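# Summary of structural features
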Amino acid sequence: MSCSQPIKQALLVACTLLPAFTQAQAVSKDLHSYAQLDQVSTSHLHLAVTVDFQRSQVHGSARYDLLRHGEATEIHLDSRELSISKAEIAVKGDWQETTFQLAEAHPALGQKLTVQIGDKADQIRIHYASAPSASGLQWLTPEQTAGKKQPFMFSQSQAIHARSWIPIQDTPALRLTYSAEVTTMPGLLVVMSADNPLGDERPGRYQFSMPQAIPPYLIAIAAGDLAIKEINPQVAIFAEQYIVDAAAWEFADTPRMIAITEQMYGAYLWDRYDLLVLPPSFPFGGMENPRLSFITPTVVSGDRSLINLIAHELAHSWSGNLVTNASWRDLWINEGFTSYVENRIMEALFGEQRAQMELALGYDDLLADLQRLPEGDQIMHIELGQRDPDDAFSQVPYVKGQLFLLYLEQQVGRDNFDKFLRQYFADFAFKSIDTATLKEYLQSQLLAKYPSAVTVAKINEWLHQPGLPADAPQPRSDAFVKVEQQTQRWLKGGQLQTASWTTHEWLHFINSLPLDISAVNMARLDREFNLTDSQNSEIAHAWLKLAITKKYEPARDRLRSYLLNIGRNKLVSPLYRELARTPDNLAWARSVYQQAKAGYHPLTQSVAEALLYPVPSTNEDY
Ligand code: BES
Ligand code: ZN
């Protein structure tokens, strides 16, 4: 039986029984992990840990089942700032202590942990504690939550932060199943990227199981004062009480999104699909942790205008979580395919006009990134070396990847491309692949069938050259053309007709205002449309960024409270970047940052600090 077996239950069984590590020998080495999967790999993790709010630590043990592929008598795990107290090995359940060494810390990769396993051990167990400064965890005090009564913690393992809270072979070339027993303060709920408790009890002790093999970056945990609201029998919202009803309303289309994606690309293979709405310091818009996407509260806007984020995280249940990039230099295999599928979901459910506006907004963001990025970082199959993947994050893997797939779709026709994609998800389900594998697959499954449609040279240009090919799609939105016409009339003193504008039109309007817009016109806009006080986080962001550039002082207080209350990297970093351009604003931004810092996630802290306190020799680009 193969992993492309179409029947859900059969597939689950087949993929659980197959050795988790099957294909990593075939792909190039992941330079961001010390793991040597060709020697020994871990097929199952059992975590027995305490989420300790007193010490801001996860501590306990990680036990692994081992699969041997070579002669090695030691295993290399990844770790970052972990305290390791003991290592043990077992042969058929007979445990004994063993030796281990922690190497010097590498600035991006952390510390290699070497454990002696002899030639017979079939399990290992590491006893450890994470550091309060773990890069993959954020600990919030009760005062930093909405409810103010209980603390909150959550993980963000992608790309290479799982190693900061679990000693692990932290490479997406590996897949493993996991189980966990987690203890925390009674009264708090713990959830993971696994089977979650849906009841009312909060005993402080929970057990989890994730029977499908996943890459380590998808292991996730959160603990807090969480309420649960079911949207339908498959989908529920986990969130602090204050937002659970609003989120259930905002994301009510999720079941329809699942249904349409299954129709287009095959069955949803992960059982439940729940959403965890995090505190506003969550550093991303969303994170596709299997069975439980982590979601920023900043998309709960009250008008369902930002729910492409849900389409995006759901789409990862096919692209990314089923078919996974084997290393971080191929992030585009995760994010490009996901952005394409996201837009197809939005088009199928909400029509072409909305999908086209979202595509055009993404395209503008990509063009802005291509302007600022060095040529090497404009390449999809990027040469990362051992650079921290967080430092190379940009719109390139997302939107350039998406445009590549859109280009292929346009060349071979949508029906043909849909068939190809459906087969791709089936053929590579539960596998990790690299660009070379994908290229071969494209050649045999697409180019060979439609030889006159696309050339190999063109595919190479997309994957290995900076910028965009001359014949790349250039998404345009008719609705945005109308916005631009209105802008021209308004600049000459006319009235804006905004009654029918959606968030997307507002974003395009603000982003395309001429940079020499007068102070009088800024004030006029604000008076009429209250942009400074917009409760839509994206509109407020676009307006505040323009306000900094234009030195529009009435927005200053709102800018301060925005930076103090939101920690999503994409929303705050561009504001700090803009503020850092003048000495006065930089001094002001530093003082706001010092106040905001304690509430920010480690990732947002490090990006903001690179912008506000640049060290000449480091890479400051994101
Ligand atoms: N998986 C990503 C977030 C991520 C990428 C974390 C790389 C760490 C390293 C997630 O699916 C994502 O892309 N989120 C976007 C959503 C947006 C494109 C709709 C975000 O957070 O903005
Ligand atoms: Zn994504």
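Residues numbered from 1 in each chain as written. Chains lettered and ligands numbered in written order. Predicted model: local features only at pLDDT ≥ 70, side-chain atom pairs only at ≥ 80, totals over all residues. Heavy atoms only, no water.

Here we take up the sheet that holds strand β15 (residues 227–230). Taken together, five strands build an open sheet; the order of strands is β15-β16-β17-β19-β18 and the sheet is mixed. What marks the edges here is a single partner per strand, and that holds for β15 and β18 (286–287). By the bridge criterion, four bridges tie β15 to strand β16 (residues 236–239) in an arrangement that is antiparallel. For Glu230, the partnering residue across the bridge sits in β16 and is Ala236. Each of β17 (274–277), β18 and β19 (292–295) is contacted by helix α4 (residues 308–315), which is oriented at about 145° to β19, the strand it contacts most. (Pairing = 2+ DSSP bridges. Helix = DSSP H or I, 4+ residues; strand = E, 2+ residues; numbered from the N terminus. Contact = heavy atoms within 4.5 Å. Axes fitted to C-alpha atoms, helices over the stretch in contact; angles between N-to-C directions.)

Now for the site of ligand 1. Inspection of the region around ligand 1 gives 15 residues, with Gln158, Gly285, Glu288, Glu313 and Tyr398 positioned closest. In this structure, Gly285 approaches ligand 1 through a main-chain N or O atom, which is 2.5 Å from an oxygen atom. Out of a free accessible area of 520 Å², ligand 1 has 90% covered by protein chains. Considering every element that reaches the shell around ligand 1, the biggest residue donor is α4, with three residues. Here the shell around ligand 1 is composed, by residue class, of five nonpolar, six polar and four charged. (Near = heavy atom within 4 Å. Polar contact = N/O pair within 3.5 Å; in protein donor to acceptor, adjacent residues only side chain to side chain. Areas by Shrake-Rupley, 256 points an atom, 1.4 Å probe, with all protein chains shown as cover. Nonpolar A, V, L, I, M, F, W, Y, C, P; charged D, E, K, R; others polar.)

Another point: empty space enclosed by the protein. Evaluation of the coordinates by the stated rule reveals one cavity of 30 Å³ or more. In this structure, the largest cavity spans a volume of roughly 30 Å³. Lining the largest cavity, in full, are Thr145, Gly147, Lys148, Lys149, Gln150, Phe152, Gly224, Asp225 and Glu240. Residues belonging to the lining of the largest cavity are distributed by class as follows: one nonpolar, four polar and four charged. (1 Å grid on protein atoms, 1.4 Å probe; cavity = no way out; pocket = protein on both sides within 12 Å on 5 of 7 lines; lining within 4 Å. Points joined across faces, edges and corners; volume = space filled by probe spheres on them.)

Moving on, we come to helix α17 (residues 583–596). The α-helix winds at 3.6 residues per turn, so residues separated by three or four positions along the chain end up facing the same way. In this model, α17 (14 residues) spans 20 Å end to end at C-alpha, consistent with the 20 Å of a helix rising 1.5 Å per residue. Along α17, the residues classified as buried are Asn585, Leu586, Trp588, Ala589, Val592, Tyr593 and Ala596. Each buried residue of α17 sits inside an arc of 165° when the element is viewed along its axis, so together they form one side. Opposite the packed face of α17, turned more than 90 degrees from it, sit the exposed residues Pro583, Asp584 and Gln595. Where α17 is buried, its residues touch α14 (537–549), α15 (556–565), α16 (569–579) and α18 (602–612). (Expected span 1.5 Å × (residues − 1). Buried < 20%, exposed > 50% of the residue type's maximum accessible area, 1.4 Å probe, protein only. Arc of directions from axis to C-beta.)

Considering all chains together, one arrives at 33 aromatic pairs under this definition. Ring plane angle 65° and centroid distance 5.8 Å describe the contact between Trp332 and Phe404, whose orientation is recorded as edge-to-face. Within this pair, whereas Trp332 is found in helix α5 (residues 331–350), its partner Phe404 is found in helix α7 (residues 396–412), the two being separated by 72 residues in sequence. In this pair, the class of Trp332 matches that of Phe404, namely buried. With a centroid separation of 5.6 Å and 40° between ring planes, the pair formed by Phe404 and Trp462 is classed as tilted. Within this pair, whereas Phe404 is found in helix α7, its partner Trp462 is found in helix α10 (residues 456–464), the two being separated by 58 residues in sequence. You can call Trp462 buried: its relative accessible area is 0%. If you follow Arg125 out to its NZ or CZ, it ends over the ring of Trp95, 4.1 Å from the centre. One Lys or Arg, Arg556, reaches over the ring of Trp588 and ends 4.5 Å from the middle of that ring. (Phe/Tyr/Trp six-rings, centres within 6.5 Å; stacked < 30°, edge-to-face > 60°. Lys NZ or Arg CZ within 6 Å of the ring centre and 35° of its normal.)

Take it as geometry only, folks, not as evidence of what the structure does.
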